[in-house]
Amino acid sequence: MSTLSQSAVPRYIQLATLFRRHIETGRWKVGEQIPTVDELASEVGVARATLRQALGILESEQLIERFRAKGTFVRRQPKDHLWCTMETNFAGLLRAREGATIEVLSAADGQLPMIVPHGIGELAPSYKRLQRRHSRDGEAFLLADVFIDERLVPRIPPDAFTSKTALKLVADVPGLVIKDAQQILTIGGADLETAELLGVPLNAPVAFVQRTAVDEEGYIVLIADGIYRGDLVRVDIKLR
């Protein structure tokens, strides 16, 4: 498996994803024995220690079970857990995830974003910066770094910061009209802080989403940088 060496994601995580897919597709059937570590090492061309790490992830997810002197067997199919749909239209971005909770990890006034991801609009004089974590059933799926034009904050109810999506925070401001909004999606790996806050391994796949909204006067009223867990998110795009 030569592609393993071409990714920044650790090999054992790539392998765990591959083996999980084997179970999902039925290549490794529930109740059946999977190949031995030696057989897998020969098939994918990686060290046995790396394979044991990958299988350890599947064992921790209770997808496989190891029996001494018998081998390793598939215990069950993965749960259908790709429930976090990443919206690709304005209306979808206004909807909060059903059953999700939003926790404000930190808040600061008088801030300016270090990076403006889109070439639209003019920066406001200052911003309120929020770091928020979105979870469902106690499982974190999104970290968001949100900059809101500080002039709008007095018109946003305090409870909105723990109940509304970033875009809806500004879209619901009375009298404010969003003239332009853009989104960028890239794929990468979780750094140390992200891994800790999302509860995923270091370098686990994540989706980086940058959103910008501009008002009628041409000011950037929102910059939201989100990091989604790669194993919980899907992107649905209507082509026609």
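In what follows, the structure referred to is the one given above.
This write-up is about the structure you can find in this document. Nothing here was measured: the structure is a model prediction, and the numbers come from that model.

Let us look at the overall build of the protein. Looking only at helices and strands, the protein features six helices and eleven strands. For the protein, buried positions account for 42% of its 240 residues. For the protein, restricting intrachain contacts to residue pairs at least 6 apart in sequence, the fraction spanning at least 24 positions comes to 60%. Approximately 13,300 Å² of the protein is accessible, and the part contributed by carbon and sulfur atoms is 50%.

Once that is clear, we can look at the packing of aromatic side chains. Following the criterion strictly, the structure yields three aromatic pairs and no others. Between phenylalanine 67 and phenylalanine 73, the aromatic rings sit 5.9 Å apart at their centres with planes inclined by 70°, giving edge-to-face as the arrangement. With a relative accessible area of 36%, phenylalanine 67 lands in the partly exposed category. A ring pair is formed by tyrosine 127 and phenylalanine 147, whose centres lie 6.4 Å apart and whose planes are at 85°; its orientation type is edge-to-face. Taken together, the positions of tyrosine 127 in strand β6 (residues 127–136) and phenylalanine 147 in strand β7 (residues 139–149) put the pair 20 residues apart, joining distant regions of the chain. Phenylalanine 147 carries the same exposure label as tyrosine 127, and that label is buried. Lying across the ring of tyrosine 219, arginine 151 places its NZ or CZ 4.6 Å from the centre.

Three or more residues of helix α2 (residues 37–44) are buried, namely Val37, Leu40, Ala41 and Val44. Across the axial projection of α2, the buried residues extend over an arc of 105°, all falling on one side. Against α1 (11–25) and α3 (48–60) lie the buried residues of α2.

This part takes up the side chain of serine 126. Among the secondary structure elements, serine 126 is positioned in the loop between β5 (122–123) and β6. There is a polar contact of 2.5 Å between the side chain of serine 126 and the side chain of glutamate 150.

Before going further, it helps to examine the packing of α2 against α3. Viewed as axis vectors pointing N to C, α2 and α3 meet at an angle of 110°, and their least axial separation amounts to 9 Å. The angle between α2 and α3 places the two elements in the roughly perpendicular class. Two secondary-structure elements touch here, α2 through Val37, Asp38, Leu40, Ala41 and Val44 and α3 through Arg48, Leu51, Arg52 and Leu55. Residues that form the contact of α2 with α3 fall into these classes: six nonpolar, no polar and three charged.

This paragraph deals with the pairing of strand β1 (residues 64–67). In this sheet, strand β2 (residues 71–74) lies alongside β1 in antiparallel orientation, the contact comprising four bridges. Along β2, the bridge assignment pairs isoleucine 64 with valine 74. In this structure, the hairpin formed by β1 and β2 is closed by a connection of three residues, where alanine 69 is found at a positive phi of approximately 70°.

Let's shift gears to α1. Compared with the 21 Å implied by 1.5 Å per residue over 15 residues, the 21 Å span of α1 between its first and last C-alpha is a close match. Looking only at α1, the buried set comprises Ile13, Gln14, Leu15, Ala16, Phe19, Arg20, His22 and Ile23. On its buried side, α1 packs onto α2, α3, β1, β2 and β9 (205–215). Backbone geometry just after α1 places glycine 26 at a positive phi near 90°.

With that settled, consider unusual backbone geometry. Here glutamine 62, not a glycine, exhibits a phi torsion of approximately 60°, which is positive. Structurally, glutamine 62 can be placed in the loop between α3 and β1. A positive phi angle, close to 70°, is found at alanine 69, a residue other than glycine. Inspection of the secondary structure assignment puts alanine 69 in the loop between β1 and β2. Taking the relative accessible area as the measure of exposure, alanine 69 reaches 86% and is therefore exposed.

For the structure on display, the rule yields one cavity of 30 Å³ or more. In this structure, the largest cavity spans a volume of roughly 40 Å³. In this structure, the largest cavity is lined by Arg155, Ile156, Pro157, Ala160, Lys164, Lys168, Leu169, Asp172, Val173 and Pro174.

How each quantity is defined
Residues numbered from 1 in each chain as written. Predicted model: local features only at pLDDT ≥ 70, side-chain atom pairs only at ≥ 80, totals over all residues. Heavy atoms only, no water. Helix = DSSP H or I, 4+ residues; strand = E, 2+ residues; numbered from the N terminus. Buried < 20%, exposed > 50% of the residue type's maximum accessible area, 1.4 Å probe, protein only. Contact = heavy atoms within 4.5 Å. Areas by Shrake-Rupley, 256 points an atom, 1.4 Å probe, with all protein chains shown as cover. Phe/Tyr/Trp six-rings, centres within 6.5 Å; stacked < 30°, edge-to-face > 60°. Lys NZ or Arg CZ within 6 Å of the ring centre and 35° of its normal. Arc of directions from axis to C-beta. Polar contact = N/O pair within 3.5 Å; in protein donor to acceptor, adjacent residues only side chain to side chain. Axes fitted to C-alpha atoms, helices over the stretch in contact; angles between N-to-C directions. Parallel < 35°, antiparallel > 145°, perpendicular 65-115°, else oblique. Nonpolar A, V, L, I, M, F, W, Y, C, P; charged D, E, K, R; others polar. Pairing = 2+ DSSP bridges. Expected span 1.5 Å × (residues − 1). 1 Å grid on protein atoms, 1.4 Å probe; cavity = no way out; pocket = protein on both sides within 12 Å on 5 of 7 lines; lining within 4 Å. Points joined across faces, edges and corners; volume = space filled by probe spheres on them.

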